[in-house]
Each structure stands twice: as structure tokens, then as C-alpha cells.
Amino acid sequence: MEEDKVRGKAEASGWPARAWRLLSAIRSESPLIQCITNMVSMDLMANTLLSAGASPAMIHSADEIPDFTPHARALCVNVGTLSADWLPAMKLAAQFASQSAKPWVLDPVAAGASGFRLKACLELLELKPTVIRGNASEVIALSKASLGPTKGVDSSHESTDAVEAAKSLAQASGAIVAVSGAVDIVTDGERVVGAHNGVPMMQRITATGCSVTALIAAFVAVDPLHALEATVSALSIFGVAGEMGMNLAKGPASLRMHLIDSLYGLDDAVVHSRVTITSFS
Ligand SMILES: Nc1ncnc2c1ncn2[C@@H]1O[C@H](COP(=O)(O)OP(=O)(O)OP(=O)(O)O)[C@@H](O)[C@H]1O
Ligand SMILES: Cc1ncsc1CCO
Ligand SMILES: [Mg+2]
């Protein structure tokens, strides 16, 4: 009943139509998305982008960035398996994106887990990401610029614990900040919007967070002037794919497969009936 009310409110706001329009734009335009990401996530991230209709390229060598990055419609930078030799390429690609006013999205994986990682994330923040997407612990660590109680790449907090941290990070950085969790929170520092889709089993598949960050890059690529709306749409669509996939899954491994199939097969009717996005302020 409560859920019906939330869905009704979301429907009235036009979010499902917007999410469907953006997914359709990705399918028709097939934007090229450059991903510099961790080694765990490469496969799921590339397959997530392909199943949504985008064109992924996992190109991370600094030697290639001057030639390649100008051709990408958006860039995704993820520090999950960071080492000192990868950081300069991440920065170079972010600089190219920023200079050419192309959207780029930062995933600050385990930002509070070590001083090296936190410093790297803070340096990347200086290069003005369009969107930052992390779990609650990552957003809290980045917002406070301090090491945190950490379970490594997994969150020790709920997304709703990180609303104030997300708002202050958005204000300080100028980026849209997204916090994934049971409710995905998205803010520009003033407005706060939530996407209520997804299933808890998505946390049991490694790199679903990384993959939705890349999906955000694809959504922002097709609507760069509305980064908040594109970000929350991507999170909701990925969550809907998880919900549809869960209907067929027996556990995390089959959910991984069915989530990708469901993302590929999403249609107007499913998007309109399931996308649940509400404003918090
Ligand atoms: N309790 C939950 N209920 C519904 N969906 C969830 C829940 N927790 C996470 N999700 C969804 O799972 C996806 C991954 O979010 P999560 O917060 O686990 O990212 P993450 O910690 O960065 O993951 P990773 O580092 O493995 O990539 C998001 O799409 C999010 O909406
Ligand atoms: C498990 C893991 N370790 C470093 S990155 C990564 C993928 C999820 O963030
Ligand atoms: Mg993550």
C-alpha cells in the first residue's frame, strides 16, 4: 500500500517517462564510454553498458588517452584496484574530459581505506567530476576527507546515513553526488532525490556498484545538461533490471546473468510501471 503510494507519486512526477527517454537515447545513439576501472569490475561493467545499448571501451594507458579520450562521449574513472602507476592515466583522462566539457564520473571505491587512496580521490576531485557515485561509507569518507571505519569496498553505513555528507560533498566539489544502497540518494547539494528500485541480492554480486557508475556515465552522456536527472534515472533503471532479474534468479550468480538480460530487454511498460523516484527535498 505504502509502496503503491510512492509509485503513484513518482509516476505523477514524470520520472518514468524521463528514464525511458534516456534509455531509448542510449539504445539509439550508442554513446562511446571510456572506462578506467578496477580489474574486478571490467567484465560486468562492459556487459552492463553493452546491454543498455552503450559502447564501452576499457582503455587505460596514458599513452592512448590523448588520441582516444576526445572520441568518448563520457568517461568513468574507478579507483577500485588503484596503484601508483594507474593514477596518472586517470588524472590525464579526467583532464581531457574536463577541458572538452565532456561528462566524467568518479567511483571512489573504498575511499576511506588508506591514505594513498583517499589522497588520490581528493586529487581526482580537483579535476571536477560531473558525478561522484559511491556507497555510503565512501561518500562519508570523501566528504570528511578522512579515513573511515571500513569494510574495504563494502559499505558499513546505510545510504540514508550519508545524506548530509553527500550534500556537503556536492556543494564543495560542484559535482552531483549519488549514494547507492537500499534507496539510492542523489543530490546537487540542494535538491535530494531518491531511487527506490533494486533488490538486496545486488550487494552479493561484486561490481554492481561499479557497473551502475558506468551506466550513470552513459545516461549523462545522452543528457549532459541534466546530470542529476540522468544520474537518478540510471540508478532506477539498473534497480529495475535487478528486480526483473531477481524474478528469475536462484542466487547471486544467476542474478548477475538475469540482471544483464533484463537490462537488455527493458521495455516502455516495465519502465513506466516500476521506475520509482521521489524527491526528498
Ligand atoms: N538493500 C538494497 N536494496 C536494493 N538495492 C540495493 C541494496 N543495496 C544495494 N543495492 C543496489 O545495488 C547496486 C550496488 O550498490 P552498492 O551500494 O552495493 O555499491 P558498491 O558498494 O559500490 O558495490 P561494488 O563496490 O561491489 O561495486 C546499486 O544499484 C544499489 O541500488
Ligand atoms: C572486490 C573489489 N576489490 C577492489 S575493487 C573491487 C570490486 C568492487 O568494488
Ligand atoms: Mg563500489
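Everything quoted here is computed from the prediction, not taken from an experiment.

Participant: Quick question: what am I supposed to make of the pattern of salt bridges here?
Facilitator: Pairs can form between side chains of opposite charge once their charged atoms are near each other. Applying the stated criterion across every chain, the model contains 8 salt bridges. Here Arg73 makes a salt bridge to Glu29, at a shortest N to O gap of 2.8 Å. With Arg73 in the loop between α4 (65-68) and β3 (74-78) and Glu29 in helix α2 (residues 15-29), this pair connects stretches of sequence that are 44 residues apart. For Arg73, a relative accessible area of 31% puts it in the partly exposed group. We classify Glu29 as partly exposed; its relative accessible area is 39%. Between Arg133 and Asp107 there is a salt bridge whose closest N-O contact spans 2.7 Å.

Participant: What is the right way to read the nonpolar core from this model?
Facilitator: Within soluble globular proteins, side chains that are nonpolar tend to cluster in buried spots. Ranked by size, the top nonpolar core spans 58 residues in total, and within it Ile33, Phe219, Ile237 and Leu266 carry the most contacts. At 11 residues, helix α9 (residues 208-222) tops the list of elements feeding residues into this core. Each residue touching Leu266, except ones within four places of it in the same chain, is listed here: Trp20, Leu23, Arg27, Ile237, Val240, Met244 and Val271. The next biggest cluster of nonpolar side chains, apart from the first, holds 41 residues, and it includes Met90, Leu124, Leu127 and Leu169.

Participant: Looking at this structure, I do not really get the site of ligand 1. What am I missing?
Facilitator: The environment of ligand 1 is made up of 18 residues, and the closest members are Asn135, Ser180, Asp184, Gly209 and Cys210. Within the contact set of ligand 1, a nitrogen atom lies 3.4 Å away from a side-chain nitrogen or oxygen of Gln203. In isolation ligand 1 has 630 Å² of accessible area, and contact with the protein removes 92% of it. Only β5 (131-135) and α9 provide two or more residues apiece to the shell around ligand 1. For the shell around ligand 1, the leading source of residues is α9, giving 3 residues. Among the residues making up the shell around ligand 1, the classes are represented as 8 nonpolar, 8 polar and 2 charged.

Participant: When you look at the side chain of Thr208 in this model, what are you seeing that I'm missing?
Facilitator: Structurally, the position occupied by Thr208 is in helix α9. Judged by relative accessible area, Thr208 falls into the buried class, the value being 11%. Polar side-chain contacts of Thr208 include one of 2.9 Å to the backbone oxygen of Met202. Apart from residues no more than four positions distant in its own chain, Thr208 is found in contact with Leu44, Met202 and Phe238.

Participant: Got a minute to help me understand the site of ligand 2 in this structure?
Facilitator: Taken together, Asn38, Val40, Gly80, Thr81, Val109, Val153, Thr206 and Cys210 make up the full set of residues adjacent to ligand 2. Protein contacts shield 75% of the accessible area of ligand 2, which totals 290 Å² for the unbound molecule. For the shell around ligand 2, the per-class residue count stands at 4 nonpolar, 4 polar and no charged.

Participant: Teacher, can you tell me more about the packing of α2 against α9 here?
Facilitator: For any two helices packed against each other, one specifies the crossing angle of their axes together with the interaxial distance. Look at α2 against α9: their axes get within 9 Å of each other, and the N-to-C directions meet at 90°. Taken together, the axes of α2 and α9 are roughly perpendicular relative to one another. Across from Ala19, Leu22, Leu23, Ala25, Ile26 and Glu29 in α2, the residues of α9 making contact are Ala218, Phe219 and Val222. Its residues assigned to classes, the contact of α2 with α9 shows 8 nonpolar, no polar and 1 charged.

Participant: What is the right way to read the pairing of β3 from this model?
Facilitator: Two faces make up the sheet, and in a regular strand the side chains alternate between them. With 5 of 5 residues buried, β3 lies mostly within the body of the structure. Alternating residues of β3 divide into Ala74, Cys76 and Asn78 and Leu75 and Val77, and every residue in both groups is buried. Note: strand β1 (residues 32-36) against β3, 4 bridges, orientation parallel. Counted as the bridge partner of Cys35 is Cys76 from β3. Relative to strand β4 (residues 104-107), β3 runs parallel, the two being bridged by 4 bridges. Within the sheet, the bridge partner assigned to Leu75 lies in β4 and is Trp104.

Rules used throughout
- Residues numbered from 1 in each chain as written.
- Chains lettered and ligands numbered in written order.
- Predicted model: local features only at pLDDT ≥ 70, side-chain atom pairs only at ≥ 80, totals over all residues.
- Heavy atoms only, no water.
- Salt bridge = Lys/Arg side-chain N within 4 Å of Asp/Glu carboxyl O.
- Helix = DSSP H or I, 4+ residues; strand = E, 2+ residues; numbered from the N terminus.
- Buried < 20%, exposed > 50% of the residue type's maximum accessible area, 1.4 Å probe, protein only.
- Core = buried A, V, L, I, M, F, W, Y, C linked by side-chain atoms within 4.5 Å.
- Contact = heavy atoms within 4.5 Å.
- Near = heavy atom within 4 Å.
- Polar contact = N/O pair within 3.5 Å; in protein donor to acceptor, adjacent residues only side chain to side chain.
- Areas by Shrake-Rupley, 256 points an atom, 1.4 Å probe, with all protein chains shown as cover.
- Nonpolar A, V, L, I, M, F, W, Y, C, P; charged D, E, K, R; others polar.
- Axes fitted to C-alpha atoms, helices over the stretch in contact; angles between N-to-C directions.
- Parallel < 35°, antiparallel > 145°, perpendicular 65-115°, else oblique.
- Pairing = 2+ DSSP bridges.

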